[in-house]
Every structure is written in C-alpha cells, then in structure tokens.
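Results of the structural survey
Here are the chains, one letter per residue:
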Amino acid sequence: AAVEVQRLTEALRPLPVLTGPNWVEATGNVVRAALALQRADLAGEALAPLQDGEAQPWLQRHAALQSLISQWQGELLRERGALPSSVAALQRRVAYLDSLPQPAPLPHWAAQLDLALSLRLAHQPVEAALARADALRPAWLVSHPLDRLRRELEAPSPPGHWDGQF
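Criteria and thresholds
- Residues numbered from 1 in each chain as written.
- Predicted model: local features only at pLDDT ≥ 70, side-chain atom pairs only at ≥ 80, totals over all residues.
- Heavy atoms only, no water.
- Salt bridge = Lys/Arg side-chain N within 4 Å of Asp/Glu carboxyl O.
- Helix = DSSP H or I, 4+ residues; strand = E, 2+ residues; numbered from the N terminus.
- Buried < 20%, exposed > 50% of the residue type's maximum accessible area, 1.4 Å probe, protein only.
- Axes fitted to C-alpha atoms, helices over the stretch in contact; angles between N-to-C directions.
- Parallel < 35°, antiparallel > 145°, perpendicular 65-115°, else oblique.
- Left-handed = near helix turned anticlockwise from the far one by under 90°.
- Contact = heavy atoms within 4.5 Å.
- pLDDT = per-residue confidence, 0-100.
- Core = buried A, V, L, I, M, F, W, Y, C linked by side-chain atoms within 4.5 Å.

1. Considering the pattern of salt bridges
Scanning all chains against the criterion turns up eight salt bridges. Ionic pairing is found between Asp114 and Arg78, a salt bridge with its closest N-O pair at 2.7 Å. Here Asp114 is found in helix H6 (residues 105-121), whereas its partner Arg78 is found in helix H4 (residues 63-79), with 36 residues between them in sequence. A residue is classified by how much of its surface remains accessible, and Arg78, at 6% relative accessible area, is buried.

Here's what the structure looks like:
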C-alpha cells in the first residue's frame, strides 16, 4: 500500500491539466492514506506541494482549502509527535469552520474531534473541546466510526491511532 501512496504522490504533482480544488482534495486523500498507514514520511511528501506558497500562490488566497490543509498538517504534526504545532494547526481549521454561517455538520464535528485528540495527547485540557464536539455532532447521524474516538478520548488510557481517519 505504501508503494501505491508513493506512486499517487508522484502522479499528483501539479500539472496544467490537474490543478485547483480537485488537485488539492485528491492530494489530501493521499496524505490521509499515508497517515492511516502510519507513514508520516509519505504524508509529508504528499503535503509539501500544498504548502509551497510560491508554486501555488492562488492557494494562499483560498480560505476553505487552506483550512483543509491545516487539518491535514495538524494530523501529520500529531503523527510526528509535534503536538503543540498540531493543536495550533487544528485550531485554525476549527476556527475557520466556526466562522462560517452554516458549516457542513460532519466535517465540523470531525475537525473538533481531531483537535480534541491532539489536545488529549498533548496532555492539555480536553473537556471544552469534547463538549463542543458533542454539541456539533449531527443529530441525524445514527452511528459513525468517530463515535468510538469520542469514547476513547474520555477513557483513562490514551486513544488509539486515528490519523488519516478524519
């Protein structure tokens, strides 16, 4: 699977025929696949072109995509053990979603749980983040894999590996 992630990373290098939001979202899926495989090296390689402001100047002005990139960056930083930086990146994602008049409920809830996970692993207070996540959980959602993370975040033992699953 890691070889396939590497191949996809190379294939998704910005090209005139593959740019814009579709390129960003496809690249984000590769970042998450690498994180799910616990391959921070591959995730970082895939994420790097999204963070190159000189190569992608248009992207610096796209707040929605920048917030997604912040979430992927936060997950990668958590995987690398840079927990304060992970918290900061995930706070940027949550702040962007909080600023929208009607953010999509599922991504908003997932981003809040993502932030709560980094807070917990950084040994920072997590209660307010969990209360906010509970308030954001879509009422129409019967069950979701992130419900297990929510339970793990309150358990005495540290939560399992969740990177790449948001």
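That shown, we press on.
2. Some thoughts on the packing of helix H3 (residues 40-47) against H4
A pair of packed helices can be characterised by two numbers: the angle between their axes and the separation between those axes. At their nearest, the axes of H3 and H4 sit 10 Å apart, and the two run at 155° to each other. One way to sum up the angle between H3 and H4 is to call them roughly antiparallel. As for how H3 packs across H4, the hand of that crossing is left-handed. Mapping the contact onto sequence places Ala40, Ala43, Gly44 and Leu47 in H3 and Ile69, Trp72, Gln73, Leu76 and Glu79 in H4.

3. Side note on the confidence of the model for the protein
Taken residue by residue, the protein gives an average pLDDT of 90. The fraction at 70 or more is 94%. By mean pLDDT, helix H1 (residues 2-11) is the weakest element of the protein at 72, and helix H5 (residues 83-99) is the strongest at 98.

4. Some thoughts on the side chain of Ser86
Position of Ser86 relative to the elements: it lies in helix H5. Discounting residues that sit within four places of it in the chain, Ser86 has contacts with Gly74, Leu77, Arg78 and Ser118.

5. So, the nonpolar core
Trp109, Leu113, Leu146, Leu149, Leu153 and Phe166 are the most contacted members of the largest nonpolar core, which totals 23 residues. Of all elements in the fold, only H5, H6, helix H7 (127-136) and helix H8 (146-154) reach the threshold of two or more residues within this core. Ranked by residue count, the leading element in this core is H6, at eight residues. Counting residues in hydrophobic clusters, the runner-up holds 19 residues, among them Val24, Leu35, Ala40 and Ile69.

6. Overview of unusual backbone geometry
The phi angle of most residues is negative, glycine excepted, and most peptide bonds adopt the trans form. Its identity is not glycine, yet Gln38 carries a phi of approximately 60°, on the positive side. With respect to the helices and strands, Gln38 occurs in the loop between helix H2 (20-36) and H3. The phi torsion at His123 lies on the positive side, around 60°, for a residue other than glycine. Here His123 is to be found in the loop between H6 and H7. You can call His123 exposed: its relative accessible area is 73%.

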